[in-house]
Amino acid sequence: NGNLPLFELSNMQIPDTIMSSDDVTIKWTTTNKGEWMAKNIKVGVFRSDDGEWSKQDELLTTITIPTLNKGASVVNSATINIPDRNHGKWNIFIKADYNNDIVQLVKNAGILVNPVTVALSPIPDLVVTSLSADGTAWSGQKITLTTKYMNQGMHTTRQTRWSEDYYLAQSN
C-alpha cells in the first residue's frame, strides 16, 4: 500500500564532545516522505554503545510530533543529560515512531545516528571536616555517627545524595 507515511530524519545537530551531567540540546529535521499524513509520532532519543539501534538501547528522552502532513518537514529539538558514569564513546540514535505504533511504507525507517564522546565533567573534592560518635560503642550494638563535609574543589556536586563507608579500627 503506497498510501502510508514514511519518516526520514536528517540534519542532526549535536556537539562531537559533550560533558557528562550537563544538559545538551539536540536538533534534527523530521520529514514525511510518504503519501499519507501521520499523527502523534513518538520520537525517541537513545544512547547506544554500538552502531545498531535496538529497543535495548537506553532511552534518554522522547518528543511527540502532533501532526506531520505528507511532504512536510519539521525541525525538532530535545534535551539530553548523560550521567557521569557513562562517559566515553557512544552513539546517539534518534528514532521516529520508536514503538512502531504507525504503519510506514518501510518498517524501521526514520533512524538517525551520530557518534559522540562524553567527557567526564570536572568533579568536586569532598573532604570530611568533622566526625563524631554519639556515646560509647559496644560490641554488637548500633552507634550514631555525625559527619560534616566540605567541598574544597572548584566544582559543585551534581548529586543530591551519596553514601559513605565507615570502618572501625582499634586505637592504642
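Going by the structure above, here's the rest.
Analysis parameters
- Residues numbered from 1 in each chain as written.
- Predicted model: local features only at pLDDT ≥ 70, side-chain atom pairs only at ≥ 80, totals over all residues.
- Heavy atoms only, no water.
- Core = buried A, V, L, I, M, F, W, Y, C linked by side-chain atoms within 4.5 Å.
- Buried < 20%, exposed > 50% of the residue type's maximum accessible area, 1.4 Å probe, protein only.
- Helix = DSSP H or I, 4+ residues; strand = E, 2+ residues; numbered from the N terminus.
- Pairing = 2+ DSSP bridges.
- Axes fitted to C-alpha atoms, helices over the stretch in contact; angles between N-to-C directions.
- Patch = residues over 30% accessible without salt bridge, like charges linked within 9 Å, V, L, I, M, F, W, Y side chains within 5 Å.
- Areas by Shrake-Rupley, 256 points an atom, 1.4 Å probe, with all protein chains shown as cover.
- Salt bridge = Lys/Arg side-chain N within 4 Å of Asp/Glu carboxyl O.

Visitor: Please explain the nonpolar core as it appears in this structure.
Guide: The nonpolar side chains of a soluble globular protein tend to be buried with one another. Ranked by size, the top nonpolar core spans 26 residues in total, and within it I26, W28, I80 and I94 carry the most contacts. Mapped onto this core, the elements with two or more residues apiece are β1 (7-13), β3 (24-32), β4 (38-48), β5 (58-68), β6 (73-80), β7 (88-96) and β8 (111-119).

Visitor: Can you help me understand the sheet that holds β3 in this one?
Guide: To summarise the sheet geometry, strands pair through backbone hydrogen bonds and adopt either a parallel or an antiparallel arrangement. Across the sheet, 3 strands lie side by side as β1-β3-β6; this open sheet has antiparallel pairing. At either margin of the open sheet sits one strand with a lone partner, and together these are β1 and β6. Here the average twist between neighbouring strands, direction ignored, is 30°.

Visitor: Any chance you could explain the pairing of β3 here in plain terms?
Guide: Where a strand is regular, its side chains alternate between the two sheet faces. Counted residue by residue, β3 has 7 buried out of 9 residues, so it is predominantly covered. Of the strand pairs in this sheet, β1 and β3 are connected by 5 bridges, and their pairing is antiparallel. The residue bridging L9 from the neighbouring strand is T30, located in β3. Two strands pair when backbone bridges link them, and β3 and β6 are joined in this way by 8 bridges, in the antiparallel orientation. Within the sheet, the bridge partner assigned to I26 lies in β6 and is A78.

Visitor: Quick question: what am I supposed to make of a nonpolar patch on the surface here?
Guide: Where nonpolar side chains cluster on the molecular surface, the patch consists of L126, V128, L131, I143, L145, Y149, W162 and Y166 and spans about 700 Å² of accessible area. When residues of the nonpolar patch are traced back to their parent elements, those giving at least two are β9 (126-134) and β10 (144-151). Per-element accounting of the nonpolar patch gives the leading share, 3 residues, to β9. You can see Y149 is positioned in strand β10. Exposure remark for Y149: the relative accessible area of 31% places this residue in the partly exposed category.

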